[in-house]
Amino acid sequence: MISRKVSKIKNYDWYEILRALHLDPPIDGGEYQITCPLHDERRPSCSINVDTGKWICFAGCGAGDIQLLVQLMKKSTRGEARTFIEQHGMYRIPKASELFKHERIEEDKPLPEIEFPFEKGRIPKWIYKRGISKESLIRWEAGVDDKAGLALPVRDADKRMIGWVLRQRVADPKYLYYPGMKKSQVLFGQHLLLKRVKTLYVVEGSLDAISLDQYGYPVVSLLGAMVSAAQVKLLRNIKAGKIVLVLDNDEAGQKGTKKGLTQLRDYGIVKYVKLPRHVKDVQEIQDANALEEVLNNTYSW
Ligand SMILES: [Zn+2]
């Protein structure tokens, strides 16, 4: 009857199963290449997708789901492989409605101050692998745990808590937001800015902001790739000497940069940076000198 029990489970934590198999999966999920655990080789010819649990060995060992991989690696029966998966990867991803019990607020009313429903200081371990320090996470009031993810309160310029971002480790979507908060009406991180800001860096993601802040750069995150009209207003209120857009290295980031430069054209000095080809976003640059070089090399439109 094991099969019936298993079929009821909606999501496995493939990451945990791959870890239990000592296959060193990437913390962020996605597809990765390794030397095939089923045959002897030097060059990686096995590809595994952490999000879907699918794998393939291009040298011909086979392809399929992780249950089959477990079975082949452990030379076990299907039933034994399933038990292994249940033991290591049984994890039901919480639904947004379970995490957020708050009611939606009216569109045109000001955002009310809310309570942070997560336990601050209970920081998931995986986040440290991304180069973000414990001090930083305490400064940003991070909370929650390994399973649900990382929760970060969002505060307005007056330091009132108006929502939060939940960055789930293995779930899709990766980011969940407090339902009453409109992302387009906040600049994540603005409550931590000093009174006078010479250069303000504008990034997409919450973790990009924490990362730049850790290196000492004044920063806010758009929680997206597009600068909204409300965010243009908020940026004006900060009155920074210069704004530098540091958006992601993808199509959305390029579009956002173009749009941002247009939206902010009468702001004063607005520049943008080009990230090196090999990085997805600015938080991937985890070297102070390399980061300084990238951020100092600004372009005008
Ligand atoms: Zn193979």
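The notes below deal with the structure included here. The model shown is predicted, which means the values in this text are computed figures rather than measured ones. (Residues numbered from 1 in each chain as written. Predicted model: local features only at pLDDT ≥ 70, side-chain atom pairs only at ≥ 80, totals over all residues.)

### Thoughts on the overall build of the protein chain
And step 1. Within the protein chain, the secondary structure is distributed over ten helices and twelve strands.
And step 2. For the protein chain, the residues scored as buried account for 33% of the 301 residues in total.
And step 3. The contacts in the protein chain between residues at least 6 apart in sequence include a share of 55% that link residues at least 24 apart. (Helix = DSSP H or I, 4+ residues; strand = E, 2+ residues; numbered from the N terminus. Buried ≥ 20, exposed ≤ 12 C-beta atoms within 10 Å, placed from the backbone. Contact = placed C-beta atoms within 7 Å.)

### Overview of the packing of helix 3 (residues 66–74) against helix 4 (residues 78–89)
And step 1. Closest axis-to-axis distance for the helix 3/helix 4 pair is 9 Å, and the angle between their directions is 115°. Taken together, the axes of helix 3 and helix 4 are roughly perpendicular relative to one another. Both helix 3 and helix 4 take part in a crossing whose hand is right-handed. Of the residues in helix 4, those touching helix 3 at Ile66, Gln67, Val70, Gln71 and Lys74 are Arg78, Glu80, Ala81, Arg82, Phe84 and Ile85. (Axes fitted to C-alpha atoms, helices over the stretch in contact; angles between N-to-C directions. Parallel < 35°, antiparallel > 145°, perpendicular 65-115°, else oblique. Left-handed = near helix turned anticlockwise from the far one by under 90°.)

### Description of the environment of Lys74
And step 1. Looking at the secondary structure, you find Lys74 in helix 3.
And step 2. Through-space distance from the C-alpha of Lys74 to that of Phe84 is 9.9 Å; in sequence the pair is ten residues apart.

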